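# Overview (structure and organization)
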Amino acid sequence: MSSPVSPSVDTSRAPTSQTVKNDPLPSDVAERIGGSITVQIDGRDVKVPMGTTLLEAAKRVGVRIPTLCHHPDLCVAGVCRVCVVEVEGQRGLQASCAYPVTSSMKVWTHTRKVRQARRHIIDLLLSTHHGECYSCKRNNNCELQALARECGVDHYRFGHVTESQCPIDRSSHAVVRDMDKCILCRRCVRTCIDMQEVGVLEAIGRSSQTRISTYLDLPLADVVCINCGQCINRCPTGALHANDSSDDVWRAIDDPTKHVVIQTAPSPRAAIGECFGCEPGTSMTYPMNTALRTVGFDKVFDTNFSADLTIVEEGTELLRRLHSALVLQQPVAFPQFTSCSPGWVKFLEHFYPEYIPNLSTAKSPQQMFGAVIKTYYAKQHGLDPKDIVTVALMPCSAKKFECNRPEMADSGFKDVDFGLTTREMAQMFKEAAIHLPDMPGSDFDDPFGTSTGSGVIFGATGGVMESALRMVLELVSGSPVEKLFEHANIVPVRGFEGVRYLEIPITQVSPKVPALLARVIPSFEFLKGATLKVAVAHGTANARRVMEDIKAGGKFSECHFIEFMGCIGGCIGGGGQPIPTSPEIRAARARALYQEDAVAVVRKSHENPAVLKLYEQFFTDGPGGHLSHGLLHTSYVARGKHIG
Amino acid sequence: MIPRDGKRTPLTFESITPGAGLTAALKLSRADLIAELAASKLRGRGGAGFPTATKWNLAAAARVQEGQHKYVVCNADEGEPGTFKDRVLLLDHADLVFEGMTIAARAIGARKGILYLRAEYIYMRRLLEAELIQRREAGLLGSAIGGLEGFDFDIAIRMGAGAYVCGEETALIESLEGNRGEPRNRPPFPVDTGFLRQPTVVNNVETLAAVAAIFAKGAAWFRAIGSEQSTGFKLFSVSGDCERPGVYEFPFAITIADLLSQVGGTNAKAVQVGGASGTCLPASEFGRRLAFEDAATGGSIIVFGPGRDMLLVAKNFMEFFVEESCGQCTPCRMGNVKLLEGIEMLERGECSSAYLSELFGLCETMQLASKCGLGQSSPNAFLSIMHGFRNEIMGRSPVPMRGER
Amino acid sequence: MLVNRQQRMQDLIQQLIERHGRTRSALIPILQDLQREDSVVSDFAMQVVADELGIHPAEVYGVVSFYSFLDHEPRGRFVIRLCRTISCEMAGKARVARQLENELGITFGQSTADGRFSLEWASCIGMCDQAPALLVNERVYARVTADQVHAILDECRQVFGAHAAHAERVAVAVAVAGGAS
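Just so it is clear, the structure is predicted and the values come from calculations on it, not from any experiment.

Quick look at the overall build of chain A now. Looking only at helices and strands, chain A features 21 helices and 17 strands. A globule of 644 residues ought to have a C-alpha radius of gyration of about 26 Å, and chain A, at 26 Å, matches this closely. Principal axes of the C-alpha set define a box for chain A whose edges measure 80 × 65 × 50 Å. Contacts in chain A between residues at least 24 apart in sequence constitute 76% of all its contacts with a sequence separation of at least 6. Just so you have it, chain A exposes about 23100 Å², and 52% of that area is on carbon and sulfur atoms. Charged side chains in chain A number 67 positive and 69 negative. The centres of these two groups are separated by 5 Å.

Here you go:
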């Protein structure tokens, strides 16, 4: 049913030298063209397909070569020169991350010249690297620091700057730039231009005046940065970090007059263990609840609850759009785009503002939750909303921008006061001397502690789509979705391929519309025989491809519903997640989420009893009704891409 | 009028009949053409000295993508300090240069040629465009050149924008592609993956003119000049403290002393061979020969008279590299600055032998680990001047304080 | 109909795209023509070019900021580039530099208040045998001495004058007579 698609527009933009793929030729191709070559690295032989880099070849034979500008997600740069090695017959040292094996060769990875070169490079970088480790966010998790230790740095061979050379850019809610610490590895540039295709960061100037900066050196908040924070995840030092709100959160916790509640998203729970030495994909959901209460939060809620709420609202919206278009013959924007990824939303507002009508009006789970807490929850518990502080633990840096959007105050107060990243939360635990893996598990607080497997998988690319389909297909067909997809696992929308597409023929429809949707759609008859076309894209480069295809009237313009995530991998790869990141790490985090879903008792959003209760007691005119529109839906801003 | 003076000796190029080389070359098959060039043992005249026929062979064998072309690029980004021979060649013998490009195109199967002209030579652009128009009218560019069906080739001029590093062939190609002039990782090399990822030959202006001469008069003639490993005649750009600066032609392997006597610089204290990225040789080394196997050069010869402060010479060179480094790789971007700082410390008499030793170590790292030839050779001037003139450099007094004599 | 500056720039860029192409490899020729026309590649121009070529403004800025002959900040009508590399240094460029600063009342890296002249350093411009040498826009002057500076500046004021934008029609001056040995 699904098929991998190449959209009609190819916009690869990386300079030629930087499009050397990290993967070697597939071995069957290499064999066919006679391209398997034996290389000797530090005396050890290894047979590799032609085109494999020396770095990769060394890895295969257990030889570790230190790197700095290299990153598994990014195209090759070859600029730091840390990974240089001696190659027999070559006068100069070669960058192993970029040097392809094309013939048999002998390589040495730690000769005098190599060790000297590595050491000199670190000494040079330290000579202009301003800032002390102990006051840096990346203390103990910094690649420059690690290399300095590894190379045996014991004095500043080429001097050291003692004064700041550039002011810190704190203009953005989400991403802070401290260029005193930049080592010009170009990872952020390759991330922003090549990987995300947002194009905010670039090398400006020449020679020792080269700096990583924005268009006309404008503050980050004044250019088209979408706050996705992918640059933060890949920065080897503290030059880029998220705008930390933990001091504000501590202040609220320490204020006895404040009732501080926190909602936790699934992706941090699958990743925060990495900050405490756990393997990626070790779920910390229940220990974290205990830790959060220990830190001083008054209530610990599960964002998955509001994820279910989002599904009900957004799924209803989709059905309403379909009904309006196909039955009422009204002009309706299709495809409908998900709107829970604030990085994606800002991306669309900048680059495709004419498609704002396609964005679901549903808020993200985080924001829905905030609105509900400061109204329904406040009322239920006799609290004055002005004394409630809502904190959101998110894998996301863009959520810091999102909660500060002027529209996000439908409760009459700032719906979500602070967004905390996974990293910041880990830091708060450490400040309270909590070793998270040792905490006993405990449950979420009611009334918002109930969630389903659908809510959990939001964190992975394809998760929102799968959740929405579980609800929509089941309600429309009138029979359990397990009949269409085994165990309700909609596998075709899972995985890490950049763009995924699925067609689902609707062969039967329920004769009766369930009460939940009855006010919105009178009947499902109009969908009988129709084919639901959906797609999933993650990372804004893939989003761009899909959007260009839609603009050109291609395959994706005929979709009904598309899930877009701003970050590669979905939220589990978010800009607030533990550093480092890699395809393997993200896959492990996603696996944890799908496992949690697999064993969940309730796995469909429309079956979440707490959600149903909320509609019963509060949003009494149902999903998509006037009441829910007042609190759970939002509007967007056509920002355009012109700067200044 | 454009500066036309500059030649101090007659140039062999003046005696080459324009068109003779191309006519002879087109009579040969591609393979024979490259073989003839190989027989001449011509090496690149831009400084690197790579065997031209080898480069052409690789490009000829490389595959081009469906619907794409191979390219011949003339590197006229002459930016090496002390080099101006290409200026003279382009003004006086552009026809031979274009002829050489056409022969190259025939050899590798290219359809498009680009003359990458440095921005500082903008004043000669109209002249060169006029030359190209003439060639098109004469059927020497365009389709079926020399009556050869299928041999279509034309040349466009692209201007540089003021960056010495774009003389490096992959940085040049990056510039042509609309990028910052930052050299690429190699391999792959331009002959395989060049402009727009297609096989591209990048040759120096003088190399291409020499190609035209070789086919006009024969590989054997060319090979008989010069030395075994550095065949042919070479243009030298001579400037500095000498009586007769200008462009000279000598056979390869002339000694420095001989050259100095010809240019009126026999009282020289030192000679910079190969520009800022070359070597500074003191008088004791003037017996050395200018050839790839001895004192290699792209032709830049800068003469330093008896009164020259060699530390300030080194400083000028390092300032040049600090300005012109592309900034991409750590050893060059930061190493050049450190070397310049070191020179300033020496000026003030504040550089210990120990730290100087560290800088020498840094020089080795730059020579070995820099991403391109700029960073690999920028320490050369520093090293050769330090070694050759240590006694006049160490132990300087700082600028006297007020009141001191 | 009044055509404002921005519209004029849009039209010019369209023409340049027609001339050079709409691909990334047309970027630098387009920027060079804009620089020649306007003595600057302005913010507006960079964003329009970026949009038209399908690249990011930051990338255009990255390219403009890399090359010495492209500027995003306005330069004077006549950009004087004096070579400071070794052969010109040894031939006495320091005195020419000093005199230029005297005559124009600015230092290197600056432009005159009336927007007429900018003073820049250049790396070796290939006139080492006739040093010191300098470029003024698309003209080269060789064997320059300090006392000739005034005449050179005057020449710019007179010869270029109102036709400065059409440098191609102007005969390129050669070194003033009586130069080096």
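Here we come to the packing of helix H3 (residues 43-53) of chain C against helix H4 (residues 57-66) of chain C. All names here are of chain C. Taken N-terminus to C-terminus, the directions of H3 and H4 make an angle of 120°; their axes are 8 Å apart at the nearest point. One finds that H3 runs oblique with respect to H4. As for the relative orientation of H3 and H4, their crossing is right-handed in sense. Side by side, H3 and H4 meet where Met46, Gln47 and Ala50 of the first sit next to Pro57, Val60, Tyr61 and Val64 of the second. Considering only residue class, the contact of H3 with H4 consists of six nonpolar, one polar and no charged.

Structurally, the α-helix is built with 3.6 residues per turn, so residues lying three or four positions apart point the same way. Residues of helix H3 (residues 52-61) of chain B that are buried: Thr52(B), Ala53(B), Lys55(B), Trp56(B) and Ala59(B). Summarising the axial view, the buried residues of H3(B) lie within an arc of 155°, below the 170-degree limit, and thus occupy one face.

Interface size is commonly expressed as the accessible area that is lost once the parts come together. Taken together, the contact pairs 20 residues of chain A with 18 residues of chain C. Applying the counting rule to chain A against chain C returns one salt bridge. Its salt-bridge partner being Asp51(C), residue Lys641(A) comes within 2.6 Å of it at the nearest N-O pair. Viewed at the interface, chain C and chain A are joined by nine residue pairs in polar contact (both at pLDDT 80 or more). Among the elements that take part in the side of chain A that touches chain C, strand E7 (residues 202-204) of chain A stands out by supplying three residues, more than any other. Partitioning the side of chain A that touches chain C into residue classes produces eight nonpolar, four polar and eight charged.

Residues and elements named next belong to chain C. A sheet is described by the order of its strands in space; here four strands give the open sequence E2-E1-E3-E4, paired in mixed fashion. Where the open sheet ends on each side, the last strands, each with one partner, are strand E2 (117-122) and strand E4 (139-141). The average angle at which neighbouring strand axes cross in this sheet is 20°, direction not considered. Contacting strand E1 (78-83), E2 and strand E3 (134-136), helix H6 (residues 93-104) crosses the sheet at an angle of about 155° to E1.

Let's shift gears to the sheet that holds strand E3 (residues 154-159) of chain B. Residue and element names in this part refer to chain B. Ordered by their spatial adjacency, four strands build an open sheet running E3-E2-E1-E4, and the pairing between neighbours is parallel. The open sheet has two free edges, formed respectively by E3 and strand E4 (200-204), since each of these has just one partner strand. Pairwise comparison of adjacent strand axes, ignoring direction, gives a mean angle of 20° for this sheet. Lying over the sheet, helix H7 (residues 205-217) contacts strand E1 (71-76) and E4, oriented at roughly 95° with respect to E4.

Okay, the interface of chain B and chain C next. Across the boundary between the two partners, chain B contributes 54 residues, which contact 39 residues of chain C. Taking both partners together, chain B and chain C bury about 3600 Å²; carbon and sulfur atoms supply 56% of that area. A salt bridge links Arg84(C) to Glu323(B), with the nearest nitrogen and oxygen atoms 3.4 Å apart. Counting every contact that joins chain B to chain C gives 23 residue pairs in polar contact (both at pLDDT 80 or more). Mapped by element, the contributors of at least two residues to the side of chain B that touches chain C are E3, helix H6 (169-176), strand E5 (233-240), strand E11 (300-304) and helix H10 (310-324) of chain B. It is H10(B) that provides the largest number of residues to the side of chain B that touches chain C, a total of six residues.

Right, let's talk about the pairing of strand E6 (residues 246-251) of chain B for a bit. All names here are of chain B. When you tally the buried positions in E6, you get five out of six residues, the bulk of the element. When E5 meets E6, the two strands line up antiparallel, connected through six bridges. Within the sheet, the bridge partner assigned to phenylalanine 236 lies in E6 and is tyrosine 248. Connecting the antiparallel pair E5 and E6 is a turn made up of five residues.

Looking now at unusual backbone geometry. Omega for the peptide link from Arg186(B) to Pro187(B) comes to 0°, which places this bond in the cis form. Its location among the elements puts Pro187(B) in the loop between H6 and E4. Residue Pro187(B) is joined to Pro188(B) through a cis peptide bond whose omega torsion reads 5°. In this fold, Pro188(B) is placed in the loop between H6 and E4. Even without being glycine, Asn140(A) reaches a positive phi, approximately 80°. Checked against the element boundaries, Asn140(A) lands in the loop between helix H3 (112-128) and helix H4 (143-150). In the Ramachandran plot, Lys41(B) falls in the positive-phi region, its phi being about 55° despite a non-glycine side chain. With respect to the element layout, Lys41(B) can be found in the loop between helix H2 (30-40) and H3.

Conventions used here
- Residues numbered from 1 in each chain as written.
- Chains lettered and ligands numbered in written order.
- Predicted model: local features only at pLDDT ≥ 70, side-chain atom pairs only at ≥ 80, totals over all residues.
- Heavy atoms only, no water.
- Helix = DSSP H or I, 4+ residues; strand = E, 2+ residues; numbered from the N terminus.
- Rg over C-alpha atoms; globule rule 2.2 N^0.38 Å.
- Contact = heavy atoms within 4.5 Å.
- Areas by Shrake-Rupley, 256 points an atom, 1.4 Å probe, with all protein chains shown as cover.
- Lys, Arg positive; Asp, Glu negative; His and termini not counted.
- Charge placed at Lys NZ, Arg CZ, Asp CG, Glu CD.
- Axes fitted to C-alpha atoms, helices over the stretch in contact; angles between N-to-C directions.
- Parallel < 35°, antiparallel > 145°, perpendicular 65-115°, else oblique.
- Left-handed = near helix turned anticlockwise from the far one by under 90°.
- Nonpolar A, V, L, I, M, F, W, Y, C, P; charged D, E, K, R; others polar.
- Buried < 20%, exposed > 50% of the residue type's maximum accessible area, 1.4 Å probe, protein only.
- Arc of directions from axis to C-beta.
- Salt bridge = Lys/Arg side-chain N within 4 Å of Asp/Glu carboxyl O.
- Polar contact = N/O pair within 3.5 Å; in protein donor to acceptor, adjacent residues only side chain to side chain.
- Pairing = 2+ DSSP bridges.
- Buried area = accessible area lost by both parts, 1.4 Å probe.

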